[in-house]
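Structural overview for review
Now for the letters of each chain:
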Amino acid sequence: MTDETHFDGNALGGLLDEVFGREMTDALACCATCESVHAIGAMLVYRGAGDVMRCPTCQNVVMVAVTIRDRARIFSAMRWLQPGPG
Amino acid sequence: MARTAILRRLTWTVGKVIARVDETARVRSLTIDVPGWTGHLPGQHLDVRLTAEDGYQAQRSYSIATPGDGSHVTITVERLDDGEASPYLTDVLVVGDQIELRGPIGGYFVWEPGRGGPLLLVAGGSGIAPLMAMLRSRVAAPSDVAVRLLCSWRSAADVIYADELDAIAATAEGVSITHTLTQSAPDGWTGRRGRYDRKALSQLAWPREQEPLTYVCGPTGFVEAVASVLVELGHDPGRILTERFGPTGG
């Protein structure tokens, strides 16, 4: 992608820590579409009313994160690898 | 260690501003004392939460610019004139004020001397903040990791940590610091001008054969451009770590 509007997975470190109870930006995940493996910190993040995380290799959505009534919720389309959610 | 991490919960806490430094006309460094802070790694960030009188909340992430130092953390904030949070942090908050935050956060974009090098740090504007924590950590540690810091600024008036960077460049063994100005340069400027393009990075970055460990931080366009050129020059993408500030930076 050539646009300059995105952030990256580092920006979701606090939210993911809230959900999983530990640091997640260095966890590895495998994209469900192209099966490439990246650290969460290296994923691309587009911010709006919620956060959309995309695979940096194929650009497909790997996670959507939203905060509803002070509770963070995530929906993911990827396979967590080491060390993954514990 | 892993078990400690699992048991730890990231919770909001209240810190107190104990120092404020005007880095440039638009940039302030705020040192905050956070009771119970258990230390952090260079490159980590914290989340700040501001609450208006009507209950409206804004949350932002700021990189920590200093290595772990007991209960103290320093963030460096650039004022974005249309921003919700940064004008309050740069222009309203004073020493003695309280601020709500949580952290430390981040395990990907972190470096400590044990991770080795040689280290290439590339900063776009206030993207220097987490890289400064890494550089300060390297200078303070008994470490011989060689470091090249490449900073990109719009103009000479935008240089953050100018005196400290000059002092480190003059005294620290194995550390070189390069500044480039992309928009305007004053008379007598002896540093570089223009962007870190392919030609500049082929001269200034470590040769790929030395397998450098690279950290790039700044506005998204800057980070994408620098990382792409390094990959084109044959650097291992797995050793190029990036942190993007989004479209506007800061």
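So, here's what we can say about the structure.

About the criteria used
- Here, residues in each chain are numbered from 1, in the same order as that chain's written sequence.
- Numbering of ligands from 1 and lettering of chains from A proceed in the order in which they are written.
- Restriction of local features to residues with pLDDT of at least 70 applies here, the model being predicted, together with a cutoff of 80 or more for giving and counting side-chain atom pairs; totals for whole chains, interfaces and linings are based on all residues.
- Water and hydrogen atoms play no part in the side-chain values, which are based on all heavy atoms of the structure.
- When a carboxyl oxygen of Asp or Glu lies within 4 Å of a side-chain nitrogen of Lys or Arg, that pair is called a salt bridge.
- Secondary structure counts use DSSP, requiring at least four H or I residues in a row for a helix and at least two E residues in a row for a strand, with both numbered from the N terminus.
- DSSP calls a pair of strands paired once it identifies at least 2 bridges connecting them.
- Interaxial angles span 0 to 180 degrees and are taken between N-to-C directions of axes, which are lines fitted to C-alpha atoms, for helices over the stretch in contact.
- Stacked, edge-to-face and tilted labels apply to pairs of Phe, Tyr and Trp rings (six-membered ring for Trp) whose centres lie within 6.5 Å, assigned for plane angles under 30 degrees, over 60, and everything in between, in that order.
- Three exposure classes are used, based on accessible area relative to the maximum for each residue type with a 1.4 Å probe and protein chains only: buried under 20%, partly exposed in between, and exposed over 50%.
- Placement of a charge over a ring requires the Lys NZ or Arg CZ to be within 6 Å of the ring centre, with the centre-to-atom vector within 35 degrees of the ring normal.

What follows is about the pattern of salt bridges. Residue and element names in this part refer to chain B. Under the criterion given, the structure shown has 17 salt bridges over all chains. Across the pair Arg244 and Glu224 runs a salt bridge, and its minimum N-O distance is 2.7 Å. Here Arg244 is found in strand β12 (residues 240–244), whereas its partner Glu224 is found in helix α6 (residues 220–232), with 20 residues between them in sequence.

All names here are of chain A. Spatially, 3 strands are ordered β3-β2-β8 in an open sheet, and the strand pairing comes out antiparallel. Edge strands, defined here as strands with exactly one partner in the open sheet, are β3 (37–39) and β8 (78–80). Strand-to-strand twist of the sheet, defined as the mean angle between neighbouring strand axes without regard to direction, takes the value 30°. Pairing geometry for strand β2 (residues 28–31) and β8, over 3 bridges, is antiparallel. Bridging from a neighbouring strand, Cys30 pairs with Arg79 of β8.

Residue and element names in this part refer to chain B. Read across the open sheet, the 6 strands follow the order β10-β9-β8-β7-β11-β12; overall the sheet is parallel. Each having just a single partner strand, β10 (192–193) and β12 make up the two edges of the open sheet. Bridge count between strand β7 (residues 119–124) and strand β8 (residues 147–153): 6 bridges; the pairing is parallel. Each bridged residue has a counterpart across the sheet, and for Gly124 the counterpart in β8 is Ser152.

Another point: the packing of aromatic side chains. Counted according to the given criterion, the structure contains 2 aromatic pairs over all chains. Here Phe20 of chain A and Trp80 of chain A contribute two aromatic rings whose centre-to-centre distance is 5.3 Å and whose plane-to-plane angle is 70°, an arrangement assigned as edge-to-face. You can see Phe20 of chain A sitting in helix α1 (residues 13–20) and its partner Trp80 of chain A sitting in strand β8, a full 60 residues away along the chain. Each member of the pair, Phe20 of chain A together with Trp80 of chain A, is buried. Pairing Phe109 of chain B with Tyr215 of chain B gives two aromatic rings, centres 5.3 Å apart and planes at 80°, and the pair type is edge-to-face. Of this pair, Phe109 of chain B sits in the loop between β6 (98–105) and β7 while Tyr215 of chain B is found in strand β11 (residues 213–218), placing the two residues 106 residues apart along the sequence. When the ring centre of Phe7 of chain A is taken as reference, the NZ or CZ atom of Arg47 of chain A above it lies at 5.5 Å.

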